Amino acid sequence: MSLTAGQISHYREHGYLVLERYLDEVTVAGLRAAIVELNDAARTVAASNAVYDIGPGHRPDSPKVRRVKHPHLRHPAFNALMRSVALVDPVADLLGGSVRFDHAKLNFKPPGAKAAVEWHQDWAFYPHTNDDLLAVGVMVEDCGKDNGPLMVIPGSHRGPVFDHHRNGTFIGALDPAELGDARERAVALTGPAGSISIHHVRTVHGSRENESDSRRPLLLFSYAAVDAFPVYQRPDLAEFDARILRGAPTREARQTAVPVRIPYPRDPAADSIFDNQQEVQGRSFGNAAEMT
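Summary of the structure given here. (Residues numbered from 1 in each chain as written. Predicted model: local features only at pLDDT ≥ 70, side-chain atom pairs only at ≥ 80, totals over all residues. Heavy atoms only, no water.)

Details of the sheet that holds strand β12 (residues 205–207)
Hydrogen bonding along the main chain pairs the strands of a sheet, whether they run parallel or antiparallel. Strand order in the open sheet made by the 4 strands is β5-β12-β7-β10, with antiparallel pairing throughout. Two strands in the sheet have a free side with no partner beyond their single neighbour: β5 (117–120) and β10 (187–188). Across 2 bridges, strand β7 (residues 151–152) lies against β12 in antiparallel orientation. Residue pairing in the sheet places M151 in a bridge with G206 of β12. (Pairing = 2+ DSSP bridges. Helix = DSSP H or I, 4+ residues; strand = E, 2+ residues; numbered from the N terminus.)

Details of the packing of aromatic side chains
This structure, assessed with the given rule, holds 4 aromatic pairs. Between F101 and Y223, the aromatic rings sit 6.1 Å apart at their centres with planes inclined by 70 degrees, giving edge-to-face as the arrangement. Here F101 is found in strand β4 (residues 99–107), whereas its partner Y223 is found in strand β13 (residues 218–224), with 122 residues between them in sequence. Across the pair, exposure class does not vary: F101 and Y223 are buried alike. Centre to centre, the rings of F229 and F240 are 5.6 Å apart; their planes meet at 50 degrees, and the pair counts as tilted. With a gap of 11 residues between them, F229 in the loop between β13 and α5 (237–242) and F240 in helix α5 connect regions that are remote in the sequence. Each member of the pair, F229 as well as F240, is classed as buried. For the cation-ring pair, R266 lies above Y264, with the distance from its terminal atom to the ring centre recorded as 5.0 Å. (Phe/Tyr/Trp six-rings, centres within 6.5 Å; stacked < 30°, edge-to-face > 60°. Buried < 20%, exposed > 50% of the residue type's maximum accessible area, 1.4 Å probe, protein only. Lys NZ or Arg CZ within 6 Å of the ring centre and 35° of its normal.)

Brief notes about the environment of Y22
Tracing the sequence through the fold places Y22 in the loop between β1 (16–19) and α2 (25–41). Between the alpha carbons of Y22 and I196 there is a distance of 6.5 Å; along the sequence they are 174 residues apart. Each residue touching Y22, except ones within four places of it in the same chain, is listed here: M1, A86, L87, P90, G194, S195 and I196. (Contact = heavy atoms within 4.5 Å.)

This is the structure we're talking about:
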């Protein structure tokens, strides 16, 4: 489904977009069934591994899955949606016509799992030769303000690229003091099940803890323009080209004047954004009052 001129204009100006009730009920039901399978499989997992990011208090009778890594590789329902015209069409409208799938994750945000995500820009994790990259968030269940929804700061994609290091180590979060009063303009991306959100790779965003009694699964697919090449990474070229969903391979990277800060060094023992961000000075989302 192609976007309207007004929707494209909103994304260009504000760095995000929400399309309510975008996916049909059959698709949403299939995603829910896949999530139940993955959550049940996690009951036998004792700690975080290559598939799951496990939160504190995890037990077989009460799984605390914070994230499923690479969900498109874990269940065909996610893989099919990632490749579907329902998502690729609007993404192509915003990326200039070509689309390369980059990566995916499924954030569960269960209650009491310490799954808040501090303010950050996706650009800090994977800078490219240009910033025609975005992420699509799929709301598998109804998402309200008490579920710890994704929060964005409108227009921040046009602002600075913030430092996500502390004491010389990349922690995946910026110092909230750098945002000043911009945090007061934060918008919660909420909606009924089947809604999708889209945010620019440089849009500052985060989310507080889930204060409801139910988990808040958010499926995230990241895409890039075909002529956006990663910086400080050397992908397997055949696999890299195999992820093109719209357009043709190219060997000419389009370069734009976007600041790049390399997301290293990293703590080799830290493999979770939730844990890494504990190092943030003056955390924003430990206090729910800041997000009302």
